[in-house]
Amino acid sequence: MNARSLPVGASLDSPDPVLERVPAKDPHNSSQGEEGKFLAHQPILLDKLSNSFRREVVNRSVSMKAANRNDEDLENGMSEKDTEKSVRSNKAVTVHNKALLSGVAYCISSCSMILVNKYVLSSYDFNGGISLMLYQNFVSVVVVSSLRLFGIISTEPLTWRLVRVWLPINVIFVGMLITSMFSLKYINVAMVTVLKNVTNVITAAGEMYLFNTTHDSRVWTALFLMIISAITGGITDLSFHAIGYTWQIINCFLTASYSLTLRRVMDTAKQVTKSGNLDEFSMVLLNNTLSMPLGILLILLFNEVDYLSRTPLLHLPTFWLVTTFSGFLGLAISFTSMWFLHQTSATTYSLVGSLNKIPLSLAGIFLFHVSTSPENSASIFFGLLAGVFFARAKMQDKSQTRS
């Protein structure tokens, strides 16, 4: 039985109640004969009507599905484009945020390290600069070793071949840290930052002599301005201390020597490591571990053991808290500088480092109540601007060399 009409909710294969109610044929009734003939042909007509109706319903269903599919494709296409734009925008924002965050972390850690060291050496009047350096390096070794133990970072194993290659530069590294401690005890933070610019002058001269590196006139102009600012700053410094300035000049030569020889030693050290590489974490662990026996030797030579046995500062919990915090800051400088370099470039890193000296100098003057004159303040500001000018000149010099 075929359907003649479809009620609401009925399917194409459901029985038709109208056809089921058709009366049966009676041969004895002539009046019903013609009606029977008519009814006999009626199923054929119903079949034709049903088939045509079925095709129409199916065609409409197919066309509606196709239309819906097109609409879905259009919506999906727009959705994919919007999603792609959103992902790109989120990535750009994420990269920008990471660069900004790493830069802020680097600036805070580097400024805080110098200020905390100045606080320990001057405000506490602590005369054990070598012992402070040794304790800070010990904190760094403990933290890095713990991170390696828990599998957070990986470092190169300390082999005798690697120690033998790295030991000479480690001596310079220890001398650089100790002279920085000694000078910071006697000189205010602002003048230390200005005098550190002399390191750039020594480094530039060393690059010319050792590596035949040439610099353009803008670099040499910036270096000349640094020398002038250092001289005028020292002359106008109301708290001038000859011992502090002597230690700072020695520190400039040691820092320049460290930067000039580090690249060569790193290239040699990579050849004796198992992986053929030497990352920042391995360098931190290597430098600080090797500095321990040398620091102990210097403590004995400078007779700091006698001072440590007599000072009441070692019985103050706050003193230990501050010195431990300084050790974490020393390690934070290494980590944040590596993070900042990874997120930006060496050029941006250098420029930010120069700009970072400005708030550091201001913080040092106000926090430690440094008495200064207008002439000295102008010399300090002039030296800081010379440092920024030097960073920009080096950037342009490198870009011209590459092109």
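Residues numbered from 1 in each chain as written. Predicted model: local features only at pLDDT ≥ 70, side-chain atom pairs only at ≥ 80, totals over all residues. Heavy atoms only, no water.

> Got a sec to walk through the environment of Met395? Specific residues and values, please.
The topology assignment puts Met395 in helix H14 (residues 374–402). The exposure class assigned to Met395 is partly exposed, which follows from its relative accessible area of 25%. Sequence separation between Met395 and Thr348 is 47 residues, and the spatial gap between their C-alpha atoms is 9.0 Å. (Helix = DSSP H or I, 4+ residues; strand = E, 2+ residues; numbered from the N terminus. Buried < 20%, exposed > 50% of the residue type's maximum accessible area, 1.4 Å probe, protein only.)

> So what's going on with the pattern of salt bridges? Residues and values would help.
All told, the structure shown has 3 salt bridges when counted by the stated rule. The shortest N-O distance in the salt bridge between Lys185 and Asp125 comes to 3.1 Å. Taken as a pair, Lys185 in helix H4 (residues 160–186) and Asp125 in the loop between helix H2 (31–123) and helix H3 (129–149) lie far apart in primary sequence, 60 residues in all. Owing to a relative accessible area of 46%, Asp125 belongs among the partly exposed residues under this scheme. (Salt bridge = Lys/Arg side-chain N within 4 Å of Asp/Glu carboxyl O.)

> Give a detailed account of the nonpolar core, specifying residues and quantitative values.
Counting 55 residues, the largest nonpolar core has Val120, Phe126, Ile130, Trp166, Ile178 and Leu262 as its most contacted members. Of all the elements, H4 adds the most residues to this core, at 11 residues. With sequence-adjacent residues up to four places away left out, Ile130 is seen in contact with Ile178, Phe182, Gly295, Leu298, Ile299, Phe302 and Glu304. (Core = buried A, V, L, I, M, F, W, Y, C linked by side-chain atoms within 4.5 Å. Contact = heavy atoms within 4.5 Å.)

> Any chance you could break down the layout of surface pockets for me, citing the residues and the numbers?
Space inside the second largest pocket adds up to approximately 180 Å³. In terms of lining, the second largest pocket is formed by Leu121, Phe126, Asn127, Gly129, Met181, Phe182, Lys185, Tyr186, Ile243, Trp247, Phe302 and Glu304. Only H4 and helix H8 (242–271) provide two or more residues apiece to the lining of the second largest pocket. With 4 residues, the top contributor of residues to the lining of the second largest pocket is H4. Its residues assigned to classes, the lining of the second largest pocket shows 8 nonpolar, 2 polar and 2 charged. (1 Å grid on protein atoms, 1.4 Å probe; cavity = no way out; pocket = protein on both sides within 12 Å on 5 of 7 lines; lining within 4 Å. Points joined across faces, edges and corners; volume = space filled by probe spheres on them. Nonpolar A, V, L, I, M, F, W, Y, C, P; charged D, E, K, R; others polar.)

> Mind laying out the packing of helix H6 (residues 198–211) against helix H7 (residues 217–235), listing which residues take part and the relevant values?
Contact geometry for H6 and H7: axes closest at 8 Å, N-to-C directions at 140 degrees. It follows that H6 is oblique to H7 by the angle criterion. The two elements H6 and H7 meet at a crossing, and its hand is left-handed. Judged by residue contacts, Val198, Asn200, Val201, Ala204 and Met208 of H6 engage Trp220, Leu223, Met226, Ile227 and Ala230 from H7. (Axes fitted to C-alpha atoms, helices over the stretch in contact; angles between N-to-C directions. Parallel < 35°, antiparallel > 145°, perpendicular 65-115°, else oblique. Left-handed = near helix turned anticlockwise from the far one by under 90°.)

> Describe helix H13 (residues 357–367), listing the residues and the values that go with them.
All of the buried residues in H13 are Leu360, Ser361, Gly364 and Ile365. End-on, the buried residues of H13 take up no more than an arc of 130 degrees, which puts them together on one face. Opposite its buried face, H13 presents the exposed residues Phe366 and Leu367, each directed more than 90 degrees away. With its phi angle positive at about 55 degrees, His369 sits one or two positions after the end of H13. (Arc of directions from axis to C-beta.)

> With reference to specific residues and values, describe H4.
In an α-helix, one full turn covers 3.6 residues, which means residues spaced three or four apart are oriented alike. Spanning 27 residues, H4 covers 39 Å between terminal C-alpha atoms, matching the ideal 39 Å at 1.5 Å per step. The largest bend in H4 is about 45 degrees, located at Leu167, with the proline Pro168 one to four residues further on. (Expected span 1.5 Å × (residues − 1). Bend = angle between axes of the 7 residues up to and from the residue.)

> So what's going on with the packing of H3 against helix H9 (residues 280–301)? Which residues, and what values?
Geometry of a packed helix pair, given as the angle between the helix axes and the separation of the axes. Relative to each other, H3 and H9 sit at 145 degrees, their axes nearing to 8 Å. In the crossing of H3 with H9, the sense of the turn from one axis to the other is left-handed. Residues Ile130, Ser131, Met133, Leu134, Asn137, Phe138, Ser140, Val141, Val144, Ser145 and Arg148 of H3 pack against Phe281, Val284, Leu285, Asn288, Thr289, Ser291, Met292, Gly295, Ile296, Leu298 and Ile299 of H9. For the contact of H3 with H9, a count of residues per class yields 13 nonpolar, 8 polar and 1 charged.

> Tell me about unusual backbone geometry, and name the residues and values.
Its identity as a non-glycine residue notwithstanding, Asn212 has a phi of 55 degrees, on the positive side. Examined against the element boundaries, Asn212 turns out to sit in the loop between H6 and H7. Its relative accessible area of 66% is what places Asn212 among the exposed residues. Positioned with a positive phi, His369 is a non-glycine residue whose angle comes to about 55 degrees. Secondary-structure assignment places His369 in the loop between H13 and H14.

> Mind laying out the confidence of the model for the chain, listing which residues take part and the relevant values?
Put simply, the chain has an average pLDDT of 79, and 74% of its residues get 70 or more. Confidence drops under pLDDT 50 across residues 1–50; counting only partners more than four residues distant or on other chains, this segment forms 23 contacts. (pLDDT = per-residue confidence, 0-100.)

> So what's going on with the packing of aromatic side chains? Which residues, and what values?
Evaluated as defined, the whole model comprises 12 aromatic pairs. Aromatic side chains Tyr135 and Trp320 sit 5.4 Å apart centroid to centroid with 75 degrees between the ring planes, which places their arrangement in the edge-to-face category. Taken as a pair, Tyr135 in helix H3 and Trp320 in helix H11 (residues 317–343) lie far apart in primary sequence, 185 residues in all. Relative accessible area serves as the criterion here: at 23%, Tyr135 is assigned to the partly exposed category. Overall, the relative accessible area of 36% leaves Trp320 in the partly exposed class. (Phe/Tyr/Trp six-rings, centres within 6.5 Å; stacked < 30°, edge-to-face > 60°.)

> Could you give me a rundown of a nonpolar patch on the surface, with the residues and numbers involved?
Taken together, the side chains of Leu100, Val104 and Ile108 present a nonpolar region at the surface, about 280 Å² in accessible area. Note on placement: Ile108 falls in helix H2. In this structure Ile108 comes out as exposed when scored by relative accessible area, which is 51%. (Patch = residues over 30% accessible without salt bridge, like charges linked within 9 Å, V, L, I, M, F, W, Y side chains within 5 Å. Areas by Shrake-Rupley, 256 points an atom, 1.4 Å probe, with all protein chains shown as cover.)

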